Amino acid sequence: MNRVAFRNLQDVGFSEEDVKQIAASYQVKDGPNDLGEMFYRPGISSDYFIAPFSTKEAAAVSNNGAVPPDLSLIVKARHDGANYVYSLLTGYQNGEHDGNDLYFNPYFPTGMVEYDDARHATVENMAYDVVNFCNGQQSQN
Ligand code: HEM
């Protein structure tokens, strides 16, 4: 999410204070300082999401050789993008991939997020929110 800032999390219901705390939990590279050196500082709301891998090669090694794409503009980049991403997120199944379990998701039975409202963390609810979050970023970028 190279083009998405922490403050964009307010679009999905996090408060300004939540966002500050989330941003501050990351170390962001900044600089150069007066000595010409780069340095790390706690993140602030206007910083962009930090990529989980430092290089494409490191990303590939951790993902069975495939580099995860930047998703900042994915809804715009694909035909019928919102439906495409939703279908992708809800379409993973076991047992159809050469007998391996690469797509098995151990988090699924218990849900990956806890909703504050009455909704349950079903694949459908989570996929719906993720797609709408990505979709919302299109107009801001
Ligand atoms: C909510 C979270 C996620 C969303 C919305 C998402 C969405 C997507 C989408 C839409 C694509 C296809 C991009 C295209 O059409 O070009 C993709 C590919 C990919 N994703 Fe994710 N993803 C998520 C989480 C993850 C995670 C946690 C990982 C790794 C642990 C991951 C690894 C990958 C990889 C490696 C590919 C490329 C697959 C290939 O090239 O064969 N994704 N993702």
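Residues numbered from 1 in each chain as written. Predicted model: local features only at pLDDT ≥ 70, side-chain atom pairs only at ≥ 80, totals over all residues. Heavy atoms only, no water.

Engineer: Any chance you could explain the packing of aromatic side chains here in plain terms?
Structural biologist: Within a pair of aromatic rings, the relevant descriptors are the distance that separates the centres and the angle that separates the planes. Enumeration according to the criterion identifies 2 aromatic pairs in this entry. Ring centres 5.3 Å apart and planes at 35 degrees place the aromatic pair Phe 6 and Tyr 26 in the tilted group. Of the two residues, Phe 6 sits in the segment before α1 (16–24) while Tyr 26 sits in the loop between α1 and β1 (27–30), which places them 20 residues apart along the sequence. By relative accessible area, which is 34% here, Tyr 26 ends up partly exposed. Centre to centre, the rings of Phe 6 and Phe 49 are 5.1 Å apart; their planes meet at 35 degrees, and the pair counts as tilted. Separated by 43 residues along the polypeptide, Phe 6 in the segment before α1 and Phe 49 in the loop between β2 (39–42) and α2 (56–62) bring together distant segments of the chain. A relative accessible area of 0% means that Phe 6 is categorised as buried. Within the aromatic cluster, the residues linked to one another by ring pairs are Phe 6, Tyr 26 and Phe 49. (Phe/Tyr/Trp six-rings, centres within 6.5 Å; stacked < 30°, edge-to-face > 60°. Helix = DSSP H or I, 4+ residues; strand = E, 2+ residues; numbered from the N terminus. Buried < 20%, exposed > 50% of the residue type's maximum accessible area, 1.4 Å probe, protein only.)

Engineer: Is there a simple way to explain a negative patch on the surface in this structure?
Structural biologist: Together, Glu 16, Glu 17, Asp 18, Glu 114 and Asp 116 line one region of the surface with negative charge. Following the sequence through the fold, Glu 16 ends up in helix α1. Given a relative accessible area of 51%, Glu 16 falls into the exposed group. (Patch = residues over 30% accessible without salt bridge, like charges linked within 9 Å, V, L, I, M, F, W, Y side chains within 5 Å. Areas by Shrake-Rupley, 256 points an atom, 1.4 Å probe, with all protein chains shown as cover. Salt bridge = Lys/Arg side-chain N within 4 Å of Asp/Glu carboxyl O. Lys, Arg positive; Asp, Glu negative; His and termini not counted. Charge placed at Lys NZ, Arg CZ, Asp CG, Glu CD.)

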